[in-house]
Amino acid sequence: GAGVSQSPSNKVTEKGKDVELRCDPISGHTALYWYRQSLGQGLEFLIYFQGNSAPDKSGLPSDRFSAERTGGSVSTLTIQRTQQEDSAVYLCASSLDGPKGREQYFGPGTRLTVT
Amino acid sequence: AQKVTQAQTEISVVEKEDVTLDCVYETRDTTYYLFWYKQPPSGELVFLIRRNSFDEQNEISGRYSWNFQKSTSSFNFTITASQVVDSAVYFCASSTGANSKLTFGKGITLSVRP
């Protein structure tokens, strides 16, 4: 079946602009995660959605970052007033469910460059 | 808090050599999960294996094998008879039963030369 998809694959934006990154998880997966991969920080957790539960936002680096998941499926990560340090690859992953430590399947990522 | 340490940063081997990638984890939870992911040059993270804290059995899948030892908090990954296609960055990661977010190590860049 189809894997996790993300769009756009690349995004170049000017400092101060807002960006939206989209993630389509694997059908039937109730858990959805966002991570960020950068040279300096490695792979970092950002936010986790599980079913209809309140999301775990503990990894969001600032209040400029927010995410939502509509209808238990597609998720959008929004970064407001982008800064150069936001440049990274943003990865989305999904799993069958969260609490049982299921394996997560990752999308190809969105490479964000803030100029 | 969890921590995953991959002390090796870069490994270079010649094709057909065996290579072991080390992973040491730290957690206070009794229920936890360990993972290995591969990130080839194309960039997409590929799931390789998951183990839970109650299952210390080693696992072999083709040329890949994993050694999980709770006594040393290690979850090492061995590639037997390495191939050029094994060249990638390999990440070890952990999660707990309570919070499923993955905590990743820094990754090991493996280069297999023909």
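Residues numbered from 1 in each chain as written. Chains lettered and ligands numbered in written order. Predicted model: local features only at pLDDT ≥ 70, side-chain atom pairs only at ≥ 80, totals over all residues. Heavy atoms only, no water.

### Observations regarding the overall build of chain A
Moving on, step 1. Of regular secondary structure, chain A possesses zero helices and ten strands.
Moving on, step 2. Reading the secondary structure of chain A in the N-to-C direction produces β-β-β-β-β-β-β-β-β-β.
Moving on, step 3. Counting only C-alpha atoms, chain A reaches 40 × 30 × 25 Å along its principal axes.
Moving on, step 4. Burial analysis of chain A (115 residues in total) assigns 49% to the buried set.
Moving on, step 5. Here the analysis covers contacts within chain A between residues at least 6 apart in sequence; of these, 56% occur between residues at least 24 apart.
Moving on, step 6. With the model as given, the accessible surface of chain A reaches about 5,500 Å², and the carbon-plus-sulfur share is 45%. (Helix = DSSP H or I, 4+ residues; strand = E, 2+ residues; numbered from the N terminus. Buried < 20%, exposed > 50% of the residue type's maximum accessible area, 1.4 Å probe, protein only. Contact = heavy atoms within 4.5 Å. Areas by Shrake-Rupley, 256 points an atom, 1.4 Å probe, with all protein chains shown as cover.)

### Some words on the sheet that holds strand S1 (residues 5-7) of chain A
Residues and elements named next belong to chain A.
Moving on, step 1. Read across the open sheet, the four strands follow the order S1-S3-S7-S6; overall the sheet is antiparallel. The two strands at the open ends of the sheet, each matched to only one other strand, are S1 and strand S6 (65-69). Averaged over all neighbouring strand pairs, the angle between strand axes comes to 15 degrees, with direction disregarded.
Moving on, step 2. In this sheet, strand S7 (residues 75-79) lies alongside strand S3 (residues 19-24) in antiparallel orientation, the contact comprising five bridges. (Pairing = 2+ DSSP bridges. Axes fitted to C-alpha atoms, helices over the stretch in contact; angles between N-to-C directions.)

### Focus: the interface of chain A and chain B
Moving on, step 1. Across the contact, 22 residues belong to chain A and 17 residues belong to chain B.
Moving on, step 2. Where chain A abuts chain B, roughly 1,600 Å² becomes buried across the two surfaces, and 53% of that area is made up of carbon and sulfur atoms.
Moving on, step 3. The tally of links between chain A and chain B comes to zero salt bridges.
Moving on, step 4. At the boundary of chain A with chain B, the tally comes to four residue pairs in polar contact (both at pLDDT 80 or more).
Moving on, step 5. Elements with a contribution of two residues or more to the side of chain A that touches chain B: strand S4 (31-38), strand S5 (42-50) and strand S9 (105-106) of chain A. (Buried area = accessible area lost by both parts, 1.4 Å probe. Salt bridge = Lys/Arg side-chain N within 4 Å of Asp/Glu carboxyl O. Polar contact = N/O pair within 3.5 Å; in protein donor to acceptor, adjacent residues only side chain to side chain.)

### A closer look at the side chain of B:Gln39
Moving on, step 1. Relative to the helices and strands, B:Gln39 is located in strand S5 (residues 32-39).
Moving on, step 2. What B:Gln39 contacts, discounting residues up to four positions off in sequence, is A:Gln37, B:Glu44, B:Leu45, B:Ala88, B:Val89 and B:Phe91.

### As for unusual backbone geometry
Residues and elements named next belong to chain A.
Moving on, step 1. The peptide bond linking Ser7 to Pro8 adopts the cis configuration, its omega dihedral lying at -10 degrees.
Moving on, step 2. Relative to the helices and strands, Pro8 is located in the loop between S1 and strand S2 (10-13).
Moving on, step 3. Despite not being glycine, Arg81 has its phi angle at roughly 50 degrees, a positive value.
Moving on, step 4. Examined against the element boundaries, Arg81 turns out to sit in the loop between S7 and strand S8 (88-95).
Moving on, step 5. Residue Arg81 is classed as partly exposed on the basis of its relative accessible area of 43%.

Just distances and angles here, no functional claims.
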